[in-house]
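# A look at the structure
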Amino acid sequence: MRAIRGATTVADNSVEAIREAVTELLDELEQRNELQPTEMISVTFSVTRDLDAIFPAAIARSRPLWDSVAMLDVQQMHVEGSLPRCIRFLIHAYLPTSASIHHIYLRQAAKLRPDWGLSQTLQTSQPIIKTKA
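The structure presented is a predicted model; accordingly, all values stated were derived computationally and were not measured.

## Examining the pattern of salt bridges
Summed over all chains, the structure comprises 4 salt bridges. Note that Asp27 is salt-bridged to Arg63, the shortest N-O span being 2.8 Å. You can see Asp27 sitting in helix 1 (residues 15–33) and its partner Arg63 sitting in the loop between helix 2 (56–61) and strand 3 (70–75), a full 36 residues away along the chain. Taking the relative accessible area as the measure of exposure, Asp27 reaches 38% and is therefore partly exposed. Classification of Arg63 by relative accessible area gives buried; the value is 12%.

Below is the structure:
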């Protein structure tokens, strides 16, 4: 069993903005990790307290085969000065120990892990960090 982490941000607290960001995040997750929903054990989504328009898990469940994955939405602990409008995930999946894990940090969430830039290659995992203007 392996764990994959990731995060993204949204411009505003709307169903459309959250749906776009979660879809982009999960598309990147599946593509970069060659991950199928049938390999997933569980997904925990956390959102900052300023996001309440829709549950990220509701968006994920609408994807092919994701409706059988155990998912949970929680509110991220609030810390003054922390990144606003942020959606994070922690996924547990059955993946070979030899497989590289690509942690996905998009948009402003790339600031959460500046030590995981695209140029850095880790022995067992490589994050994907993209920013969107």
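Let's pick the thread back up.
## Some remarks on the pairing of strand 2 (residues 40–47)
Sheet topology places strand 2 next to strand 4 (residues 86–93); 7 bridges connect them, and they run antiparallel. Along strand 4, the bridge assignment pairs Met40 with Ala93. Here strand 2 pairs with strand 3 via 6 bridges, running parallel. Within the sheet, the bridge partner assigned to Phe45 lies in strand 3 and is Asp73. Of the crossover connections in this fold, the one passing from strand 2 over helix 2 to the parallel strand 3 is right-handed.

## So, the nonpolar core
By size, the foremost hydrophobic cluster in this structure holds 29 residues, and its most contacted members are Leu29, Met40, Val43, Phe45 and Phe89. Looking at this core, the elements that each hand over two or more residues are helix 1, strand 2, helix 2, strand 4 and strand 5 (104–106). Looking at this core, the element that brings in the most residues is helix 1, giving 7 residues. Those residues in contact with Val43 that lie beyond four places of it in its chain are Trp66, Val69, Ala70, Met71, Leu72, Phe89, Leu90 and Ile91. Ala7, Leu83, Cys86 and Tyr105 belong to the second largest nonpolar core, which has 5 residues in total.

Parameters at a glance
Residues numbered from 1 in each chain as written. Predicted model: local features only at pLDDT ≥ 70, side-chain atom pairs only at ≥ 80, totals over all residues. Heavy atoms only, no water. Salt bridge = Lys/Arg side-chain N within 4 Å of Asp/Glu carboxyl O. Helix = DSSP H or I, 4+ residues; strand = E, 2+ residues; numbered from the N terminus. Buried < 20%, exposed > 50% of the residue type's maximum accessible area, 1.4 Å probe, protein only. Pairing = 2+ DSSP bridges. Right-handed = clockwise from strand over helix to strand, strands pointing away. Core = buried A, V, L, I, M, F, W, Y, C linked by side-chain atoms within 4.5 Å. Contact = heavy atoms within 4.5 Å.

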